[in-house]
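Each chain is listed here by its residues.
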Amino acid sequence: MREKVTAMAQATFIKVQKALSGMKYPVSRDELADYAKKQKADDETIDAIKKIPDQRYGGPDEVSKAVAKAAGESGG
């Protein structure tokens, strides 16, 4: 079961990165979610972004870490 959760988290992680391609940083969580919506991201991707802490993110690496952590917490 753990492998399935990890695979799902990885798929979500990839979708988030694609949805945020071209994003200008730093940005807030809500700005990330709004940008993903404009990029026509699916609901799962937008939900994953909304689950990360409400703070400013300086770049895609910070977003990636937050998404991975949030996915791990909700999937465990």
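Residues numbered from 1 in each chain as written. Predicted model: local features only at pLDDT ≥ 70, side-chain atom pairs only at ≥ 80, totals over all residues. Heavy atoms only, no water.

Participant: Is there a simple way to explain the overall build of the chain in this structure?
Facilitator: Broken down by element type, the chain carries 4 helices and 2 strands. Put simply, the chain runs from its N terminus to its C terminus through helices and strands in the order α-β-α-α-β-α. Counting the 76 residues in the chain, one finds 34% classified as buried. The long-range share in the chain, meaning contacts at least 24 apart out of those at least 6 apart in sequence, stands at 55%. Surface accessibility of the chain: about 5,000 Å² in total, with carbon and sulfur atoms responsible for 52%. (Helix = DSSP H or I, 4+ residues; strand = E, 2+ residues; numbered from the N terminus. Buried < 20%, exposed > 50% of the residue type's maximum accessible area, 1.4 Å probe, protein only. Contact = heavy atoms within 4.5 Å. Areas by Shrake-Rupley, 256 points an atom, 1.4 Å probe, with all protein chains shown as cover.)

Participant: I would appreciate a short explanation of helix α2 (residues 29–38) in the present structure.
Facilitator: Spacing of three or four residues puts side chains on the same side of an α-helix, whose turn is 3.6 residues. Every buried residue of α2 is listed here: Arg29, Leu32, Ala33 and Ala36. Angularly, the buried residues of α2 cover 95° about the axis, an arc narrow enough to put them on a single face. Looking one or two residues beyond α2, the residue adopting positive phi is lysine 40, at roughly 65°. (Arc of directions from axis to C-beta.)

Participant: Quick question: what am I supposed to make of the side chain of serine 28 here?
Facilitator: Take serine 28: it is sitting in strand β1 (residues 27–28). Contact partners of serine 28, with chain neighbours within four places excluded, come to Gln55 and Arg56.

Participant: Help me understand helix α3 (residues 43–50), please; the structure alone is not making it clear to me.
Facilitator: Of the positions making up α3, those classed as buried are Thr45, Ile46, Ala48 and Ile49. One side of α3 holds all its buried residues, which, seen down the axis, span an arc of 155°.

Participant: Mind showing me how you'd approach the environment of isoleucine 52 here?
Facilitator: With respect to the element layout, isoleucine 52 can be found in the loop between α3 and β2 (56–57). Between the alpha carbons of isoleucine 52 and alanine 68 there is a distance of 9.1 Å; along the sequence they are 16 residues apart. Not counting chain neighbours up to four residues away, the residues in contact with isoleucine 52 comprise Arg29, Leu32, Tyr57, Ala66, Val67 and Ala70.

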